[in-house]
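Residue strings, one per chain:
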Amino acid sequence: MMNIAMVSVQDSPLGAAKGLDEGLGVHVAELARELGRQGHRVTVFTRQDGRDPREKVRFAPGVTVEQLAVGPVRPLAEDELLPYLADFGAELARRWHGKRPDVVHAHHWVSGLAAIAGANGLDIPVVQSFHTLGTALSRSGQPCSPTRVRLEKAIGRSVRSVVAMTESERTELVRLGISRRQITLVPSGIDVEKFAPSGPSMPRGDAPRLVTMMKVGRHQGVVSVIQALARIPDAELVVAGGPAREDLETDETVHQLRIKAKEAGVADRVTFIGRVSANDAPKLLRSADLTISVPAYETVGRVPLESMACGTPVVASPVGGHLDSVIENVTGIHVPADRPMEIARRVRALLADPTMRTALSIGAVDRVRSRFAWERVAHETVKVYESLQPVPEPEPVLAGVGAGAADEDEDF
């Protein structure tokens with residue numbers, strides 16, 4: 001059993017449990033939960049942002065969340081967090097002086113800065129998971145400050161080990177100058193009990209159903225899917241994610257996408273349902289014939305994995321984590337993100353071939369259960385932690401115990 005400290009300054013497991021945080025928050029929550037299930041003690045240190053007033057919460061068996069009162073009690077963006085990270089690190093150091101963890105695992109670069117400061121001088125190994133790298137964001141055209149890129153490089157060279165979640169991330173880390181020996185590939189996981197082929201599904205009609213996801217303020221390739229729908233007769237498109245259902249009418253991103261649907265002549269076949277709860281997500285994915293995920297950039301790609309676990313084949317852009325999870329013609333197919341005509345052609349072919357969809361469904365479920373189940377992900381993560389622990393010194397051999405004693409045993 002290990003005493004594990006996780007640092008997730010910005011994304012709390014408590015927010016993920018309420019459906020307020022996506023991606024990183026879900027990863028931290030589920031990894032901590034599985035480590036606790038396997039008998040380890042886990043404490044997740046996050047920042048009090050006002051969404052949950054409790055300072056210390058028993059999150060799951062063996063897992064405690066401690067919210068540190070650092071900075072204003074409200075959610076903060078990355079650049080707003082930077083002035084408070086030194087205080088966050090000092091508070092971690094104070095707590096770890098009294099109860100030293102065996103290992104510290106920081107999630108995201110801002111957490112890495114705080115974890116390194118907190119562990120300084122305490123001889124505690126620090127493991128870093130970036131989840132998203134600034135260099136990759138910049139290359140995909142998304143905003144990223146040079147300060148972040150510089151600090152990520154410094155963090156990667158300062159910690160004892162870096163966990164990459166995809167092969168493309170590992171390659172990016174090497175480009176930053178981090179030694180391959182320092183990097184271990186461990187993917188993000190999926191709850192294969194919740195996301196499974198069997199179970200209830202959302203009601204639907206006879207028309208083929210396509211599902212795609214968006215995030216708040218980001219199209220995530222949805223425009224390409226809407227434009228492709230014009231060349232996929234009779235199919236309906238369900239766009240999930242983004243704002244809460246009650247905020248759909250006032251959301252600017254949804255408004256822009258509705259304009260695109262009208263321009264493409266498919267407004268009557270596109271439905272926006274807003275943010276989907278963790279309990280409803282499997283029901284939605286089971287109801288689909290295909291899930292389409294074609295962003296220009298994606299770190300892990302949770303939606304394709306969740307869809308594959310539910311047995312729904314995936315049409316995905318060949319970027320980031322999609323390259324690790326979606327195997328061409330085995331668990332799904334790859335299409336370029338910005339080619340609606342190619343997306344439409346491949347989707348029409350799959351909708352017309354139920355035998356192929358069944359084969360992809362079987363391969364997808366098998367792939368997720370064998371490689372991305374949280375039980376395996378947690379075991380591989382623990383191996384990283386254990387590799388950083390001091391090797392115990394052999395016990396001294398007492399005088400008179402040795403070859404002579406062995407000879408006496410043999411004579412006896």
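Residues numbered from 1 in each chain as written. Predicted model: local features only at pLDDT ≥ 70, side-chain atom pairs only at ≥ 80, totals over all residues. Heavy atoms only, no water.

Undergrad: Give a description of the overall build of the chain that names residues and reports values.
TA: When its secondary structure is counted, the chain shows 17 helices and 14 strands. Radius of gyration (C-alpha) of the chain: 24 Å, near the 22 Å computed for a compact globule of 412 residues. In terms of overall dimensions, the chain has C-alpha extents of about 90 × 60 × 40 Å along its principal axes. Of all 412 residues assigned to the chain, the portion counted as buried reaches 54%. A sequence separation of at least 24 residues applies to 65% of the contacts in the chain between residues at least 6 apart. Counting only carbon and sulfur atoms, one obtains 51% of the accessible surface of the chain, whose full area is about 18,900 Å². (Helix = DSSP H or I, 4+ residues; strand = E, 2+ residues; numbered from the N terminus. Rg over C-alpha atoms; globule rule 2.2 N^0.38 Å. Buried < 20%, exposed > 50% of the residue type's maximum accessible area, 1.4 Å probe, protein only. Contact = heavy atoms within 4.5 Å. Areas by Shrake-Rupley, 256 points an atom, 1.4 Å probe, with all protein chains shown as cover.)

Undergrad: Report on unusual backbone geometry, specifying residues and quantitative values.
TA: In this structure, Asp234 takes a positive phi of about 75° despite not being glycine. Within the secondary structure layout, Asp234 lies in the loop between helix H9 (222-229) and strand E10 (236-241). Overall, the relative accessible area of 63% leaves Asp234 in the exposed class.

Undergrad: Could you give an account of the sheet that holds strand E9 (residues 209-214), naming the residues involved and the relevant values?
TA: Spatial ordering of the open sheet is given by E11-E10-E9-E12-E13-E14, a layout of six strands whose pairing is parallel. Looking at which strands have only one partner, the edges of the open sheet turn out to be strand E11 (270-274) and strand E14 (332-334). Between one strand axis and the next, the sheet turns by 20° as a mean value, whatever way the strands run. Relative to strand E12 (residues 290-293), E9 is paired through two bridges, and the arrangement is parallel. (Pairing = 2+ DSSP bridges. Axes fitted to C-alpha atoms, helices over the stretch in contact; angles between N-to-C directions.)

Undergrad: Help me get a handle on the nonpolar core, residues and values and all.
TA: Ranked by size, the top nonpolar core spans 33 residues in total, and within it Val7, Phe88, Leu92, Trp96, Val104 and Leu173 carry the most contacts. Elements with a contribution of two residues or more to this core: strand E1 (3-7), helix H4 (85-98), strand E5 (103-107), helix H5 (109-119), helix H7 (146-158) and strand E7 (161-164). Ranked by the residues each element gives to this core, the list is headed by H5, at five residues. Excluding anything up to four places from it in sequence, Val104 contacts Ala5, Val7, Trp96, Ala115, Ile124, Pro125, Val126 and Val127. (Core = buried A, V, L, I, M, F, W, Y, C linked by side-chain atoms within 4.5 Å.)

Undergrad: Describe in detail the sheet that holds strand E6 (residues 126-129), supporting the description with residues and values.
TA: If you walk across this open sheet you meet the eight strands as E3-E4-E2-E1-E5-E6-E7-E8, and the pairing is mixed. Looking along the sheet, the strands with just one partner apiece sit at the ends: strand E3 (56-60) and strand E8 (183-185). Between one strand axis and the next, the sheet turns by 25° as a mean value, whatever way the strands run. Inspection of the sheet shows E6 paired to E7 by three bridges, in the parallel sense. Across the sheet, residue Gln128 finds its bridge partner in E7, namely Val162. This element, helix H16 (residues 374-387), spans E1, E5, E6, E7 and E8 of the sheet and lies at about 125° to E5.

Undergrad: Give a detailed account of the packing of helix H2 (residues 24-37) against H16, specifying residues and quantitative values.
TA: Between H2 and H16, whose axes approach to 9 Å, the crossing angle comes to 80°. Taken together, the axes of H2 and H16 lie roughly perpendicular to each other. Contact residues: H2 offers His27, Glu30, Leu31, Glu34 and Leu35, while H16 offers Trp374, Glu375, Ala378, Thr381, Val382 and Tyr385. Looking at the contact of H2 with H16, its residues break down into six nonpolar, two polar and three charged. (Parallel < 35°, antiparallel > 145°, perpendicular 65-115°, else oblique. Nonpolar A, V, L, I, M, F, W, Y, C, P; charged D, E, K, R; others polar.)

Undergrad: Account for the side chain of Glu380, with residues named and values stated.
TA: The topology assignment puts Glu380 in helix H16. Glu380 sits in the buried class, given a relative accessible area of 17%. With residues near it in sequence (within four places) discarded, Glu380 still touches Leu185, Val186, Pro187 and Arg371.

Undergrad: Run through the packing of aromatic side chains, naming residues and quoting values.
TA: Scanning all chains against the criterion turns up one aromatic pair. On the basis of an interplanar angle of 80° and a centroid distance of 5.9 Å, the ring pair of Phe45 and Trp96 is categorised as edge-to-face. You can see Phe45 sitting in strand E2 (residues 41-47) and its partner Trp96 sitting in helix H4, a full 51 residues away along the chain. A relative accessible area of 3% means that Trp96 is categorised as buried. (Phe/Tyr/Trp six-rings, centres within 6.5 Å; stacked < 30°, edge-to-face > 60°.)

Undergrad: I'd like a description of the pairing of E11, backed by residues and values.
TA: The buried fraction of E11 is high, at four of five residues. With four bridges joining them, E10 and E11 adopt parallel strand pairing. The residue of E11 that forms the bridge with Val238 is Thr271. At this point the chain moves from E10, through helix H10 (residues 252-264), to the parallel E11, and the crossover so formed is right-handed. (Right-handed = clockwise from strand over helix to strand, strands pointing away.)

Undergrad: Break down the pairing of E12 for me, citing the residues and quoting the values.
TA: Going residue by residue along E12, you find Leu290 and Ile292 tucked away on one face and Thr291 and Ser293 tucked away on the opposite face as well. The handedness of the E12 to strand E13 (residues 314-316) crossover, carried by helix H12 (residues 302-309), is right-handed.

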